[in-house]
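Reading the structure
For reference, the chains in residue letters:
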There are 2 protein chains.
Amino acid sequence: MKRTFVNGRAEATIDALDRGLQYGDGLFETIAVAGGRPRFLDWHFERLADGARRLGFPALDLDGLRREIQDAIVEPKAVVKLILTRGNGPRGYRPPRDARPTRIVAAFDWPAFSASAASDGVCVGWCHTRLGRNRSLAGLKHLNRLEQVLARAEWEDGAMDEGLMQDDRGRVIAATQANLFVRMAGQWVTPGLDECGVAGVMRRAFRQWAAERGDAIAERPIAAAELEDATCLILTNALIGAWPVRELAGRTLAVDPIAEEFNAWLARA
Amino acid sequence: MKRTFVNGRAEATIDALDRGLQYGDGLFETIAVAGGRPRFLDWHFERLADGARRLGFPALDLDGLRREIQDAIVEPKAVVKLILTRGNGPRGYRPPRDARPTRIVAAFDWPAFSASAASDGVCVGWCHTRLGRNRSLAGLKHLNRLEQVLARAEWEDGAMDEGLMQDDRGRVIAATQANLFVRMAGQWVTPGLDECGVAGVMRRAFRQWAAERGDAIAERPIAAAELEDATCLILTNALIGAWPVRELAGRTLAVDPIAEEFNAWLARA
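Reading guide: rules and limits
- The written sequence of each chain sets the order in which its residues are numbered from 1.
- Chain labels run from A onward and ligand labels from 1 onward, assigned in the order the entries are written.
- Owing to the predicted nature of the model, reporting of local features is limited to residues with pLDDT of at least 70; listing and counting of side-chain atom pairs is limited to 80 or more, with chain, interface and lining totals taken over all residues.
- The secondary structure listing takes helices from DSSP runs of H or I that are at least 4 residues long and strands from runs of E that are at least 2 residues long, numbered from the N terminus.
- Neighbour density around each residue's C-beta defines its exposure: 20 or more other C-beta atoms within 10 Å make it buried, 12 or fewer make it exposed, and counts between make it partly exposed, where C-beta atoms are placed from the backbone.
- A residue pair is marked as a contact if its C-beta atoms, positioned from the backbone, fall within 7 Å.
- We define the nonpolar core as any set of buried residues of the types Ala, Val, Leu, Ile, Met, Phe, Trp, Tyr and Cys, connected via C-beta atoms lying within 7 Å of each other.
- For two strands to count as paired, DSSP must find a minimum of two bridges between them.
- The copies are overlaid by a least-squares fit using only the C-alpha atoms of residues whose pLDDT is at least 70 in both copies.
- Values of pLDDT, the confidence the predictor places in each residue, fall between 0 and 100.
- To obtain each axis, a line is fitted to C-alpha atoms, and for helices this fit is confined to the stretch in contact; angles are then taken between N-to-C directions over 0 to 180 degrees.

Further remarks concern the overall build of chain A. Across its full length, chain A carries 7 helices and 16 strands. A principal-axis box enclosing the C-alpha atoms of chain A has dimensions of 55 × 40 × 35 Å. A burial count over chain A gives 50% of its 269 residues as buried. Contacts spanning at least 24 positions in sequence make up 71% of the contacts within chain A whose residues lie at least 6 apart.

Okay, structure coming up:
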């Protein structure tokens, strides 16, 4: 890690009574920094503001957040993680009426992704841990992430690159830290996220880019069993861009050039 | 608040990179202190140890925790909240192999409960916010509590005393911060907690006390609609003991003396 700011001050600690710790009462954004600038920052802020509204946080000072993120950036290529909690409050679930949210901005080194992941594809398997469904929280990048933690604990580094997660009804939703695109019957589709999952910024970018090429990507519920008929899969997140999947639970998939085309566009953008 | 200890030291802050904050990757216990002693501490520790095992934390030093809890107690009547997180780690959901959990022990004043709640009963209504179901997390008192936060935000203090929560299939599970006992057809029953909800220590105490009186209380799925036929409801948690419900969504219920009998036993125990 390079630098951490809490409420705009260079600090590395938060109050032990912060509701972000006590209840996971908060939101986060993982932002790629490229050329010294936060990528898709407006879309990260849109999701954050939507989350703040749905959780009943006070309105955000986005200009202030933008400055704090920029201040944290000292390398041209980096990761900035922004956490916004409801701040401190008395014991108990009830949100305080006069909540004063806590802002945590932390800059990290760019991760050491495998160079071949974007070009040759990655290997994915199925996680046993399921995603519970809750329309009140679906789509948000909130701090209640134990499901992803348990899912990611299911395999050691090297055994596979990512794990796909299903909801409790057996619908595939996403990978532990990426959204999913599936090519079936000659069409790209992506799982609907109205009951669980995170509406990723790169998912949005990929869909918009595809739509501008004339390839509208439908969103719909996808049963896990349907992936047996998938010819290609793509994972997206804010840091990796798009990774093709070359192997799903031992079955070889085609590496569609669309991922590399998207990544090339992303590098130029 | 009276005192806070982090890893045994008198501190009020934790590292901003603690996984308890980053992902809600942790557990907590809310422990009543009566006569200067933590009540049902062994059962709190049983649940905590079960949670630590299910989340893949290292084995707990319960003797050390017991000392830290006792050290935090300066008043004969108080509340001790214990939080156990997976500790710090690099960015990403994957739990670090060498996790060193963070212990936070905070002592609070005993809450100002209404004196009549235990004797005359409380008013409850229905929350709109649902509980997602996940067998991997069911029963645990983990730090992913946004569902309870959103549910508790649905009413102002005074409008009602507690809110009942259903899962996504319309089964009643619990109140936002209490377990539930329902009297129907002359029998006490309590919702099963194998898919969601928290297995409360006072729920266990109430069932065991009832069983010792010859009143075994069955655990089973309870549809929310079944509560229309309920004659009595009781809420339990570690602090309140047992509260009878005198009104459910506008319908008057009988206040069963069993709650007061249990509370009297609890005061003597």
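V80, L180 and L233 of chain A together with V80, L180 and L233 of chain B are the most contacted members of the largest nonpolar core, which totals 156 residues. For L233 of chain B, the contacting residues outside a window of four places in its chain are L180, F181, V182, V245, L248 and L253 of chain B.

What follows is about the pairing of strand β6 (residues 78-85) of chain B. All names here are of chain B. Of all 8 residues in β6, 8 are buried, a share of seventy percent or more. Alternating residues of β6 divide into A78, V80, L82 and L84 and V79, K81, I83 and T85, and every residue in both groups is buried. Strand direction decides the pairing type here: strand β4 (residues 26-34) and β6, joined by 8 bridges, are antiparallel. Considered in β6, the bridge of T30 is made with K81. Here β6 runs beside strand β7 (residues 102-109); their pairing, made up of 8 bridges, is antiparallel. Bridge pairing in β7 links L82 to V105.

Quick look at the sheet that holds strand β5 (residues 37-38) of chain A now. Residue and element names in this part refer to chain A. Strand order in the open sheet made by the 6 strands is β2-β1-β7-β6-β4-β5, with antiparallel pairing throughout. Of all the strands in the sheet, just β2 (9-10) and β5 have a single pairing partner and so form its edges. Summarising the sheet, strand β4 (residues 26-34) and β5 pair through 2 bridges and their orientation is antiparallel. Its bridge partner lying in β5, A34 is registered against R37.

The transform that puts chain B on chain A rotates by 180° and translates by 0.0 Å along the axis, for an RMSD of 0.0 Å. The transformation just described matches what one would write down for a two-fold rotation axis. Both copies contact each other with a shared surface, as 100% of the interface residues of chain B are interface residues in chain A too.

Further remarks concern the interface of chain B and chain A. Taken residue by residue, the interface counts 42 residues in chain B and 42 residues in chain A. Looking at the side of chain B that touches chain A, the elements with two or more residues in it are β1 (3-6), β3 (13-15), α1 (19-23), β7 and α5 (146-152) of chain B. The greatest single-element share of the side of chain B that touches chain A, amounting to 6 residues, is contributed by α5 of chain B. Both strand β3 (residues 13-15) of chain A and β3 of chain B contribute to a ladder of 3 bridges, which runs antiparallel. Across the sheet, I14 of chain A pairs through a bridge with I14 of chain B, a residue of β3 of chain B.

Take the confidence of the model for chain A next. Per-residue confidence for chain A gives a mean pLDDT of 96, with 100% of residues at or over 70. This prediction of the complex comes with two scores: 0.97 for pTM and 0.97 for ipTM.

With that settled, consider the sheet that holds β4 of chain B. Residue and element names in this part refer to chain B. Reading across the sheet, the 6 strands line up as β2-β1-β7-β6-β4-β5 and stay open at both edges, with antiparallel pairing between neighbours. With one partner strand each, in any of the chains shown, β2 (9-10) and β5 (37-38) form the two edges of the open sheet. Against the sheet, helix α2 (residues 41-55) touches β4, β5 and β6, its axis set at about 180° to β4. Its contacts with the sheet place helix α3 (residues 62-72) against β1, β4, β5, β6 and β7, and it is angled at close to 30° to β7.

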